[in-house]
Amino acid sequence: MGEELSTIDLRSDPTRYPLTVRDFVMLHEAGAFDQVGRVELIEGEILQMAPMHRPHARIVPLLSIALDRAIGMIDAGLEVLAEPSAELDTHSLPQADIVVADIADEKIVSRGTVRLLVEVAATSLGYDLGRKKRLYARAEVPEYWVADVDGRRIIRFHAPTGEDFAERAEFAFGDPIPSATIPGLVVDTSRLV
């Protein structure tokens, strides 16, 4: 027995246990985050989201309404969802600001139904253009928009390739924005000005 113990390295460091979406949902349903505020699961880590300030809270509904109107004009079997949780993989359940998804009867938006994700960045531009963009590209989200509140622009990404998107375009608030992946979808952003 002493010989067996000598081959085991007893000095190993602890390893990180990434939570699964299932773990996270069970914790949420048990009330574990009730006193914490808004949280999301990103790559197995529970992240507390920043408070939503007035500039962010102003843009989200205006852009949601504009997207909903544009979707209604093309009859594409899609719906616009404000701040839903979207299961992108086993360890990621982000809460995007706006999701355009196929109409489906599911509790949590599944990766396969997501057509367009939108993050509104009033204080989180670096995060939305960094870690969130990499996460969405890896999950093969077809199209990702970042509404840069301070820059008064929307940055549109599409064609995910590994850790990034192959295509990028920028539009000023007020410009009509065509979707790169949803045929016929053009969003009027004049109310964002």
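Scroll up to find the structure.
As the structure is a prediction and not an experimental result, all values here were calculated from the model.

Draft legend 1. Expanded view of the sheet that holds strand β7 (residues 114-121). Taken together, the 6 strands give an open sheet; going across it, the order is β3-β5-β7-β8-β9-β10, and neighbouring strands pair in mixed fashion. Whereas interior strands pair on both sides, the edge strands pair on one side only; in this sheet they are β3 (78-82) and β10 (164-172). Strand-to-strand, the axes of this sheet are offset by a mean angle of 20°, without reference to chain direction. Of the pairings in the sheet, the one linking strand β8 (residues 143-148) to strand β9 (residues 153-161) comprises 6 bridges and is antiparallel in character. Bridge pairing links Trp 145 to Arg 156 in β9.

Draft legend 2. Broad picture of the packing of aromatic side chains. A full pass over the atoms with the stated rule returns 5 aromatic pairs. Plain terms: the ring middles of Tyr 136 and Tyr 144 are 4.8 Å apart, the flat faces sit at 75° to each other, and that makes the pair edge-to-face. Pairwise contacts between aromatic rings join Tyr 136, Tyr 144, Phe 157 and Phe 165 into one cluster.

Draft legend 3. Representation of helix α5 (residues 131-138) within the structure. Every buried residue of α5 is listed here: Lys 132, Lys 133, Leu 135, Tyr 136 and Ala 137. At the exit of α5 stands Glu 140, carrying a positive phi of roughly 60°.

Draft legend 4. The pairing of β8, seen in detail. Of all 6 residues in β8, 6 are buried; the element is thus mostly enclosed. Residues Glu 143, Trp 145 and Ala 147 line one face of β8 and the alternating positions Tyr 144, Val 146 and Asp 148 line the opposite face, and both faces are buried. Sheet analysis places β7 next to β8, joined by 5 bridges and oriented parallel. The partner of Val 120 across the bridge, within β8, is Ala 147. Where β8 hands over to β9, the hairpin turn is made up of 4 residues, of which Arg 152 adopts a positive phi near 55°.

Draft legend 5. Representation of the layout of surface pockets. Looking at the largest pocket, its volume works out to about 390 Å³. Surrounding the largest pocket, 24 residues form its lining, Pro 84, Ser 85, Leu 93, Lys 107 and Ile 108 being those nearest its centre. Every element with two or more residues in the lining of the largest pocket is listed here: α2 (21-29), β1 (39-42), β3 and β5 (98-102). Counting residues per element, the lining of the largest pocket draws most heavily on α2, at 4 residues. A per-class count over the lining of the largest pocket returns 11 nonpolar, 5 polar and 8 charged. Considering only enclosed or pocket space, the second largest pocket measures out at about 290 Å³ in volume. Around the second largest pocket sit 20 residues that line it, and Arg 38, Met 49, Ala 50, Ser 124 and Tyr 127 are the ones nearest its centre. Counting only elements with at least two residues in the lining of the second largest pocket, the list comes to β2 (45-48), β7 and α4 (125-129). Of the residues in the lining of the second largest pocket, the class split is 8 nonpolar, 6 polar and 6 charged.

Draft legend 6. Region of the structure containing the pattern of salt bridges. Taken as a whole, this structure holds 15 salt bridges when the rule is applied. Here Glu 83 makes a salt bridge to Arg 38, at a shortest N to O gap of 3.6 Å. With Glu 83 in the loop between β3 and β4 (86-87) and Arg 38 in the loop between α2 and β1, this residue pair connects regions lying 45 residues apart in the sequence. For Glu 83, a relative accessible area of 26% translates into the label partly exposed.

Definitions and cut-offs
Residues numbered from 1 in each chain as written. Predicted model: local features only at pLDDT ≥ 70, side-chain atom pairs only at ≥ 80, totals over all residues. Heavy atoms only, no water. Pairing = 2+ DSSP bridges. Helix = DSSP H or I, 4+ residues; strand = E, 2+ residues; numbered from the N terminus. Axes fitted to C-alpha atoms, helices over the stretch in contact; angles between N-to-C directions. Phe/Tyr/Trp six-rings, centres within 6.5 Å; stacked < 30°, edge-to-face > 60°. Buried < 20%, exposed > 50% of the residue type's maximum accessible area, 1.4 Å probe, protein only. 1 Å grid on protein atoms, 1.4 Å probe; cavity = no way out; pocket = protein on both sides within 12 Å on 5 of 7 lines; lining within 4 Å. Points joined across faces, edges and corners; volume = space filled by probe spheres on them. Nonpolar A, V, L, I, M, F, W, Y, C, P; charged D, E, K, R; others polar. Salt bridge = Lys/Arg side-chain N within 4 Å of Asp/Glu carboxyl O.

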